[in-house]
Amino acid sequence: MGPSDSSAVPALLLRGVVKRFGSLTAVDGLDLDVPQGVVLGLLGPNGAGKSTTMKMLTAQSLADEGEIRILGHEIPAESKWARARMGVVPQHDNLDEELTVEQNLRMFSFLYRVPRRQRREAIGRAMRLAQLGDRGDTLVDDLSGGMRRRLLIVRALLHRPELVLMDEPTVGLDPQVRQDLWGVINALRAEGVTVLMSTHYIEEAERLSDEVALMAAGRVVERGTPADLVAKYAGATVEEYTPGEDGIDALEALIRGHGFTTRRTGTTVSVLRAEELPESLRDRLATPLRRASNLEDVFVTLTGESVE
Amino acid sequence: MTLRQTREDARPEIHARPGRFEADAVLGVVAREWILYGQSWRATTFAAVVEPTLYLLCFGFGMGALIGTLAGYSYIDFLGTGIVAVSVMFQSMMPAVINTFIKRRFLHTYEGILATPIDVRELVTGEALWLALRSGVYGCVPLLVAIGFGLRPGPGMLLVPFIAFLAGFAFALFGIWISAVITSVRSMDYVFSGLFTPLFLVAGTFFPLTELPDWVQSAAMVNPLYHAVELIRGVVFGGLAPVTALGHVAVLLAFIVLMWFLAGFQMRRRVVSSGGLPPAPPPSHAATRRRWAPSAARSSRARPPRSR
């Protein structure tokens, strides 16, 4: 078996990983460490390199440069060992629609080589975790979008992986359905499973992740707990100012002239770290809408891009 | 019971060296197909029974009435044995081309399978093995139909399933290779018209090759269907010299080895991205990256936006 069963070995270790597609560099010197037992949200918009990174972790895309280790196994050389110890939730729903819930899970219990005597129990546990305990005989085609996604997640858990990769697990789902799925991910966290979850939903990353890695242009640009990142980049409070007669550009220039970071939020200008605004400046501004700083403020500040 | 308590027990046992071909992985793929077959066996069986019956009815009685005997056999006997081999080709090569292409290109099935401890060569072998097993069984159906049409049963017929399995394995690997070569559904027109039809016609199925020009007869020597037809006819009617039989088997085996390498190589090129263009880049990928690059570069020199 592989060299690493110790919990001291990082679940994921990426050093200087580069992936090019022709002239496009999708992943550009990516460094990432994920200790065991951590839920890490990989946050970034489309094109940041998240999905390419996920594909490299399953060796379905080979890095041009750099080192990748999963639970101590070198990728791609020892990828099969790594895949035996991790579960992968793909971005694309590739469930077999003409089969039942139970048949879909049974199929993957073979692929993951779950020992024969544990197969039934593993399938039952997965169905309970997905809240599909009474739907074993239901065709996947007859499931709702949320049920399908829950099934897709627990399908990757049949062999009790130590690491779970989730590539945009809730993309395209209604907000309510997304929140239902969070329960499954929280259950994994409670069990001490390491999770790497790529997402471009800020709220999802903030609520579910122990740590967030912000990814842009193929590399991690900042990393930390959501609270630390918010405190570091956005302070405690954000104030949103509606521009007066001078217009939004003048308002922004005025505030930035005092050394504050702003970002446009629709027709308003949001000021980060607003608790530090001097009274002299505040007197010149209209009454703001005040709210607590959040991860989206950090994200936009660091990348100049808004996400969902 | 928690995930953690039993995780060690449930973990798949993978003892092989990295990169080593494992029978367990192949069986996992076969088991998957077996579960799918549980849903599709009626349609598969219908096609396997109806098709040879129609051929034998139309050609056997229609042409048979005109031809009488051919190459020393009654035409219906000649045709019945030929149809067994054709049926094997249709049962294995058609799904290998069409289903494999759809699973790879549209259903993302292989993305899911290759995220489990299964490598590309094992995937290809498992897919082909399943089709070969199916051909071994369904290859007997036209034989039974031919018996119903007057073919005299004999002990040599017991070898037909094994020949059908061998030929089915060869055709399945051939089909998988083709499915990995073509890039669109439209390309299948070339495959069916330019490849299937000549293979099907120039194999001694409906008439002896001796009636064809010399160069066509020479070309038929590399047609695996010809060797399958000769073997089946030989064991059903007897009189096949052991050396000749071994020659036919050797050609089929050589074809299997060649196609196994080609199918594995080409499939790997399709499902593992090792450079060139990404498998499915988002349309705005490059544009998104261009927008992102300046912000990312700015933030990579990261320090908090304000230090007062």
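In the block above lies the structure referred to throughout.
Calculation rules
Each chain carries its own residue numbering, running from 1 in the written order of its sequence. Lettering of chains starts at A and numbering of ligands starts at 1, both following the order in which they are written. Confidence filtering applies because this is a predicted model: local features only for residues at pLDDT of at least 70, side-chain atom pairs given and counted only at 80 or more, and all residues used for totals across whole chains, interfaces and linings. The basis for the side-chain values is all heavy atoms of the structure; hydrogens and waters are excluded. Strands are runs of DSSP state E lasting at least two residues, helices are runs of H or I lasting at least four, and both sets are numbered from the N terminus onward. Relative accessibility thresholds used throughout: buried, under 20% of the residue-type maximum; exposed, over 50%; partly exposed, between the two (1.4 Å probe, protein chains only). Every residue pair with non-hydrogen atoms within 4.5 Å of one another is taken to be in contact. Calculation of accessible area relied on Shrake-Rupley with a 1.4 Å probe; when residues are assessed, cover is drawn exclusively from the protein chains displayed. Within this scheme the basic residues Lys and Arg register as positive and the acidic residues Asp and Glu register as negative, but His and the chain ends are omitted. Where a charge sits is defined by one atom per residue type, namely NZ (Lys), CZ (Arg), CG (Asp) or CD (Glu). The salt bridge definition used is simple: a Lys or Arg side-chain nitrogen within 4 Å of an Asp or Glu carboxyl oxygen. Any two strands are treated as partners once DSSP identifies two or more bridges connecting them. To obtain an axis, a line is fitted to C-alpha atoms, over the contacting stretch when the element is a helix, and the angle between two such axes runs from 0 to 180 degrees between their N-to-C directions. Between 65 and 115 degrees an angle is taken as roughly perpendicular, under 35 as roughly parallel, over 145 as roughly antiparallel, and anywhere else as oblique. For any helix crossing, the convention is left-handed if the near helix is rotated counterclockwise from the far helix by under a right angle, and right-handed if that rotation is clockwise. Amino acids are sorted into nonpolar (Ala, Val, Leu, Ile, Met, Phe, Trp, Tyr, Cys and Pro), charged (Asp, Glu, Lys and Arg) and polar (every other residue, Gly among them). To estimate how far a helix should reach, multiply one less than its number of residues by 1.5 Å. Think of a 1 Å grid over the protein atoms and nothing else: a 1.4 Å probe that fits but is trapped marks a cavity, an open set flanked by protein within 12 Å on at least five of seven lines marks a pocket, and residues with an atom within 4 Å of a point count as lining. Grid points are joined across faces, edges and corners, and a volume is the space filled by probe spheres set on the points. Aromatic pairs are defined between Phe, Tyr and Trp rings, using the six-membered ring for Trp, whenever the two ring centres lie within 6.5 Å; interplanar angles under 30 degrees are classed as stacked, those over 60 as edge-to-face, and all others as tilted. We define a nonpolar core as any set of buried Ala, Val, Leu, Ile, Met, Phe, Trp, Tyr and Cys residues linked to one another through side-chain atoms lying within 4.5 Å.

Trainee: Please explain the overall build of chain A as it appears in this structure.
Mentor: Each helix and strand counted, chain A has eleven helices and 14 strands in total. Expressed along its principal axes, the backbone C-alpha trace of chain A runs to roughly 75 × 45 × 35 Å. Buried residues in chain A amount to 60% of all 308 residues. Look at the contacts in chain A between residues 6 or more apart in sequence, and 69% of them connect residues 24 or more apart. Of the roughly 11500 Å² of accessible surface on chain A, a fraction of 45% belongs to carbon and sulfur atoms. Averaging the positions of the 37 positive and the 46 negative side-chain charges in chain A gives two centres separated by 7 Å.

Trainee: What is the right way to look at the overall build of chain B in this model?
Mentor: The secondary structure content of chain B amounts to twelve helices and two strands. Mapped in sequence order, the helices and strands of chain B form the string α-α-β-β-α-α-α-α-α-α-α-α-α-α. Burial analysis of chain B (308 residues in total) assigns 51% to the buried set. Restricting the contact set of chain B to residue pairs at least 6 apart, pairs at least 24 apart contribute 78%. Taken as a whole, chain B presents about 14700 Å² of accessible surface, with 66% of it coming from carbon and sulfur.

Trainee: What is the right way to look at the pattern of salt bridges in this model?
Mentor: Two side chains carrying opposite charge are able to pair once their charged atoms lie near each other. Applying the stated criterion to the full structure yields 33 salt bridges over all chains. In this structure, Glu279(A) engages Arg282(A) in a salt bridge whose closest nitrogen and oxygen atoms are separated by 3.7 Å. Within this pair, Glu279(A) and its partner Arg282(A) are both found in helix α10 (residues 279-282), separated by three residues, close to a single helical turn. Given the relative accessible area of 52%, Glu279(A) is considered exposed. Measuring nitrogen to oxygen at the nearest pair gives 3.3 Å for the salt bridge that ties Arg32(B) to Glu33(B). The same class applies to Arg32(B) as to Glu33(B), namely buried. Residues joined in a network through salt bridges with shared partners are Lys80(A), Arg83(A), Arg113(A), Glu22(B), Asp119(B) and Glu122(B).

Trainee: How do you make sense of the pairing of strand β12 (residues 262-265) of chain A when you look at a structure like this?
Mentor: Regular strands place side chains that alternate from one sheet face to the opposite one. Residue and element names in this part refer to chain A. Bridging between β12 and strand β13 (residues 268-271) involves four bridges; their strand directions are antiparallel. Note that in β13 the partner of Arg264 across the bridge is Val269. Taking the residues between adjacent antiparallel strands as the criterion, β12 and β13 are bridged by two residues, where Gly266 takes a positive phi near 70°.

Trainee: How should I be thinking about the packing of helix α3 (residues 75-105) of chain B against helix α7 (residues 160-181) of chain B in this particular structure?
Mentor: Helices that pack against each other are described as a pair by the angle of their axes relative to one another and the distance between those axes. All names here are of chain B. Across the interface, α3 lies against α7 with an axial gap of 7 Å and an inter-helix angle of 30°. Overall, the two elements α3 and α7 adopt an arrangement that is roughly parallel. Where α3 crosses over α7, the handedness of that crossing is right-handed. Of α7, the residues touching α3 (which contributes Val84, Val88, Met89, Ser92, Met93, Ala96, Val97, Thr100, Phe101 and Arg104) are Val160, Ala164, Ala167, Gly168, Phe171, Ala172, Phe174, Gly175, Ile176, Ile178, Ser179 and Ala180. Tallied by class, the residues present in the contact of α3 with α7 amount to 16 nonpolar, five polar and one charged.

Trainee: Would you mind showing me how to read helix α4 (residues 116-129) of chain A here?
Mentor: Residue pairs spaced three or four apart in an α-helix point in one direction, given the helix's 3.6 residues per turn. Taking 1.5 Å per residue as the helical rise, α4(A) with its 14 residues ought to reach 20 Å, and the 20 Å between its terminal C-alpha atoms agrees with that figure. Backbone geometry just after α4(A) places Gln131(A) at a positive phi near 55°.

Trainee: What is the right way to read the layout of surface pockets from this model?
Mentor: Any empty space left between the atoms is revealed when a probe the size of a water molecule rolls over them. Residue and element names in this part refer to chain B. Approximately 750 Å³ is the volume found for the second largest pocket. Contributions of two or more residues to the lining of the second largest pocket are made by α2 (23-67), α3 and α5 (120-138). Take the lining of the second largest pocket: its biggest share by element is eleven residues, from α2. Residues of the lining of the second largest pocket, tallied by class, amount to 15 nonpolar, eight polar and eleven charged.

Trainee: Hey, could you run me through the packing of aromatic side chains in this one?
Mentor: Any two aromatic rings considered together are summarised by their centre-to-centre distance and by the angle between their planes. Residues and elements named next belong to chain A. Within this structure, the stated rule accounts for 21 aromatic pairs over all chains. Ring centres of Phe108 and Tyr112 lie 6.1 Å apart, and the angle between their planes is 55°; on these two criteria the pair is classed as tilted. When its relative accessible area of 5% is taken as the criterion, Phe108 is described as buried. Residue Tyr112 is classed as buried on the basis of its relative accessible area of 1%.

Trainee: Looking at this model, I keep getting lost on the side chain of Glu252(A). Mind explaining?
Mentor: Residue and element names in this part refer to chain A. Residue position: Glu252 is located in helix α9 (residues 248-257). Looking at Glu252, the relative accessible area reads 10%, which means it is buried. Discounting chain neighbours no more than four positions away, the residues touching Glu252 are Thr262, Arg264 and Val269.

Trainee: Explain the nonpolar core here, please?
Mentor: Generally speaking, a soluble globular protein has its nonpolar side chains buried in company with each other. In terms of nonpolar packing, the biggest core is built from 126 residues, with Leu105(A), Leu151(A), Met166(A) and Met93(B) touching the most fellow members. Not counting residues within four places of it along the chain, the set of residues in contact with Leu151(A) comprises Leu95(A), Val101(A), Leu105(A), Ala130(A), Leu132(A), Val140(A) and Leu143(A).

Trainee: It is not clear to me how the sheet that holds strand β10 (residues 219-224) of chain A should be interpreted in this structure. Could you clarify?
Mentor: Two modes of strand pairing occur in sheets, parallel and antiparallel, and in both the strands are linked by backbone hydrogen bonds. Residue and element names in this part refer to chain A. In spatial order, the strands read β6-β7-β8-β3-β9-β10; together these six strands make up an open sheet with mixed pairing. Looking at which strands have only one partner, the edges of the open sheet turn out to be β6 (86-89) and β10. The sheet shows a mean angle of 15° between the axes of neighbouring strands, direction not considered. Bridge count for strand β7 (residues 163-167) against strand β8 (residues 194-199) is five bridges, and the pairing is parallel. Residue Met166 lies in a different strand from β8, and its bridge partner there is Met197. Docked against the sheet, helix α1 (residues 50-57) engages β3 (39-43), β6, β7, β8 and β9 (211-216), running at close to 145° with respect to β8. Across the sheet, helix α6 (residues 175-190) touches β3, β7 and β8, and the angle it forms with β7 is around 155°.

So far we have only geometry, and geometry alone does not tell us how the molecule works.
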